[in-house]
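Now for the letters of each chain:
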Amino acid sequence: MKRMLFLTSSACVLTLALASAGRADQVDYTKYGDYANYGSAEDGSSACSYANIDKKDYSGKTLKVISNAVPVIGEPTILHAKQFEDLTGAKVEVVNVPFGDLYQRIMIPFQTGQAAYDVMFYGSLWIGDFHNFLAPVPEEYLQTPGMKDVTQNYKDVATWGDQMVQYPVDGDRNYLKVRADVFNNPEMQKKYKDETGEDLAIPKTWDEYNQIAKFFSGWDWAGDGKKHYGSAEITKRDDLMFSAFIDRVAAYAKNPNVKGGFFFDLKTMTPQVNNPGWVKGLEMFIDAKKAFPPGGENFGLGDAIFSFGGGQSLMEYTWDDPFIQAQEKSSPIRNKVEAAPLPGAYEVWNRDTKKWDKFDTPNAPPYITWGWTSAVAKASKNKEMAFDYLCFFANKPNHALDLQIGRFGINPYRNADFEAKFWEDKLGWTPNVAETYVKTLSGMDKSTNRVFDLRVPGVNQFMSILANGVSQAMAGQKTPQQALDNVAKQWTDVVNKIGKDKVRDAYAKVVALEDQGR
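In this text, all values refer to a predicted model and were calculated from it rather than measured experimentally.

Here we come to the overall build of the chain. Along the chain, the regular secondary structure elements total 21 helices and 20 strands. Against the compact-globule benchmark of 24 Å for 518 residues, the chain has a radius of gyration of 23 Å, which places it among compact chains. When its C-alpha atoms are laid out on the principal axes, the chain stretches across 65 × 55 × 40 Å. Here the chain holds 518 residues, and 58% of them are scored as buried. In the chain, 71% of the contacts between residues at least 6 apart in sequence involve partners at least 24 apart. Approximately 20600 Å² of the chain is accessible, and the part contributed by carbon and sulfur atoms is 49%. The centroid of the 59 positive side-chain charges in the chain is displaced by 2 Å from the centroid of its 65 negative side-chain charges.

Below, the discussion takes up the pairing of strand β16 (residues 345-350). With five bridges joining them, β16 and strand β17 (residues 355-363) adopt antiparallel strand pairing. Among the inter-strand pairings, N350 is bridged to a residue of β17, identified as K355.

Below, the discussion takes up the packing of helix α9 (residues 186-196) against helix α10 (residues 206-215). α10 packs onto α9 with a crossing angle of 105 degrees between their chain directions and a minimal axis gap of 12 Å. For the element pair α9 / α10, the angle class is roughly perpendicular. Counted together, K191, Y192, E195 and T196 of α9 and Q211, I212 and F215 of α10 form the full contact between these two elements. Taken together, the residues that form the contact of α9 with α10 break down as three nonpolar, two polar and two charged.

Counted according to the given criterion, the structure contains 50 aromatic pairs. Site record: aromatic cluster; members linked through ring pairs are F99, Y103, F110, Y122, W126, F130, F133, W319, W370 and W372. The ring of Y175 has K177 sitting right over it, with the charged end atom 4.1 Å from the ring centre. Sitting over the ring of W219, K191 keeps its end group 5.1 Å from the ring centre.

Attention now moves to the sheet that holds strand β19 (residues 372-376). Strand order in the open sheet made by the five strands is β5-β4-β6-β19-β9, with mixed pairing throughout. Bordering the open sheet on either side are β5 (91-97) and β9 (167-168), each of which pairs with just one other strand. When strand β4 (residues 62-68) meets β5, the two strands line up parallel, connected through seven bridges. Residue pairing for β5: I66 is matched across the bridge by V95.

All right, on to the side chain of D170 then. When you line up the elements, D170 lands in the loop between β9 and β10 (176-179). For D170, which is buried and forms no salt bridge, the nearest opposite charge comes from R173, at a distance of 6.4 Å. Among the polar contacts listed, one links the side chain of D170 to the backbone nitrogen of W372, at a separation of 3.0 Å. In contact with D170, not counting residues within four places along its chain, are Y154, G371, W372, G409, I410, N411 and Y413.

Quick look at the state of the cysteines now. All told, the structure shown has one disulfide when counted by the stated rule. For C48, the disulfide goes to C391, at an S-S distance of 1.9 Å. When the S-S torsion is 100 degrees, as for the bridge of C48 with C391, the disulfide is right-handed. One end of the pair, C48, is in the loop between β3 (41-42) and α1 (50-53); the other, C391, is in helix α15 (residues 383-393), with 343 residues separating them in the sequence. Summarising the burial analysis for this pair, C48 and C391 share the class buried.

Its 14 residues place the ends of helix α18 (residues 431-444) 20 Å apart at the C-alpha level, agreeing with the 20 Å of an ideal helix rising 1.5 Å per residue. Buried within α18 we find V433, A434, T436, Y437, V438, T440, L441, S442 and M444. Contact partners of the buried residues in α18: α7 (152-157), α14 (321-326), β15 (337-340), β18 (367-368) and α17 (420-427).

Split by domain assignment, the chain resolves into domain 1 (25-168 + 370-411) and domain 2 (176-366). A straight line from the C-alpha centre of domain 1 to that of domain 2 covers 33 Å. Listed by partner, the interface residues are eight residues for domain 1 and nine residues for domain 2. For the domain 1 and domain 2 pair, buried surface summed over both sides reaches about 610 Å², with 48% attributable to carbon and sulfur atoms.

Attention now goes to the sheet that holds strand β11 (residues 229-231). Read from one edge of the open sheet, four strands run β11-β14-β10-β15, paired in mixed fashion. A strand with exactly one partner marks an edge of an open sheet, and here the two such strands are β11 and β15. Put simply, the sheet's adjacent strands are angled 15 degrees from each other on average, direction ignored. As defined by bridge partners, β11 adjoins strand β14 (residues 313-316) across two bridges and the pair is classed as parallel. Bridge pairing in β14 places Y229 opposite S313.

So, how was this worked out
- Residues numbered from 1 in each chain as written.
- Predicted model: local features only at pLDDT ≥ 70, side-chain atom pairs only at ≥ 80, totals over all residues.
- Heavy atoms only, no water.
- Helix = DSSP H or I, 4+ residues; strand = E, 2+ residues; numbered from the N terminus.
- Rg over C-alpha atoms; globule rule 2.2 N^0.38 Å.
- Buried < 20%, exposed > 50% of the residue type's maximum accessible area, 1.4 Å probe, protein only.
- Contact = heavy atoms within 4.5 Å.
- Areas by Shrake-Rupley, 256 points an atom, 1.4 Å probe, with all protein chains shown as cover.
- Lys, Arg positive; Asp, Glu negative; His and termini not counted.
- Charge placed at Lys NZ, Arg CZ, Asp CG, Glu CD.
- Pairing = 2+ DSSP bridges.
- Axes fitted to C-alpha atoms, helices over the stretch in contact; angles between N-to-C directions.
- Parallel < 35°, antiparallel > 145°, perpendicular 65-115°, else oblique.
- Nonpolar A, V, L, I, M, F, W, Y, C, P; charged D, E, K, R; others polar.
- Phe/Tyr/Trp six-rings, centres within 6.5 Å; stacked < 30°, edge-to-face > 60°.
- Lys NZ or Arg CZ within 6 Å of the ring centre and 35° of its normal.
- Salt bridge = Lys/Arg side-chain N within 4 Å of Asp/Glu carboxyl O.
- Polar contact = N/O pair within 3.5 Å; in protein donor to acceptor, adjacent residues only side chain to side chain.
- Disulfide = S-S within 2.5 Å.
- Expected span 1.5 Å × (residues − 1).
- Domains from an automatic or database assignment.
- Buried area = accessible area lost by both parts, 1.4 Å probe.

Right, here's the structure in full:
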């Protein structure tokens, strides 16, 4: 038999199919938009399931939510708001804001004591500025199955001191994506061997990455009559370029033998951004320009997504999105890609000894980069409803479906997400693609030499200064050393303006995450 739950909105009907003999209710998004291709998921019986949220009555109450612009995180915010309205009777007002404006739109009401929003979706690296204004996640939500399944890295990202003040809804990390069909092509292997004297293999170091990228740049290695290129990288100053740069720097400057800070020396708060490891990373970033596609010196994340995901470039190394784009059903390179850890380096700067340490295997620290998170305002008068909404947003069926919709920006952050069978069965990935994906992502959680974002007050200023400096070097306006010397000077000015002790106290929490287990 089947039961239909018709919701209050005439445009939106949620179907919960109660099947025979013990099958759980099935949830799908079909009546909410163009989601028919993503199938359905079991509702389950958790506290925030559709069935249990349907028992809540928030009639006459209004929940105010701010989120990023549609589609990335903004679209699922709206979708789950409509569902929550229909189930509970609440009115949910969602304001979508471009990412460049999102920080100020949240921070200004905090600073002026206004309760402008009950729920906020934003970049997790802003916790250093926001934590005093956020409500701790109540114990009852910490005990839900979904929350218990969040990996330790993403529990850490959501925590300030000993309290979880952000509600995990996404997991982000940067990793390498490659065209496996090219790397495994005997003809390409022979060509590369004949011309370089080396075997063609997925790069383990940034030297290898740059060499391979330059070799495969400017000719038709895909056999489609078009020129193709070696590397799609985020290089646009105001579009997340700082994260791509940190990916490259980590191999040379995040020494497993050195504790106490990657961005700063925690003891002195002296910026490390101009030490030889950082300079080497910038030199390699500049060298890679020879492998960029046309316009690649001003690529934002969107450009990198479509350059790799559309088959133009051989490699890319930032967020999940280019990989998911490549695996869309309409992609010309679907199931022709692989995931791998970020490349590393055999020589790593040691700031304590002021020398380069040499390693037998490449030093390749994973970058647990910022991603989307959510939180409830401490000043909210609707905290229970707000946490119910977030718990519902991230419940088992919503999470399973959201992971499949690339434009949503929801990436793996629960242990269950790292089961290859999910990606094979739900998305039609081949076993090899699924295995390399989950092995790469889950392996980052096991590393004891990691880089986390600079989660301190003023983080936007620090990253903007860094991006400006890197851009000047990329454009040839300054040498890498000159550019990063200037960044270090400006970072010191910002630290002094905010207060050295205040920044150090926040940075100590970042260092504790990076040094954990060492």
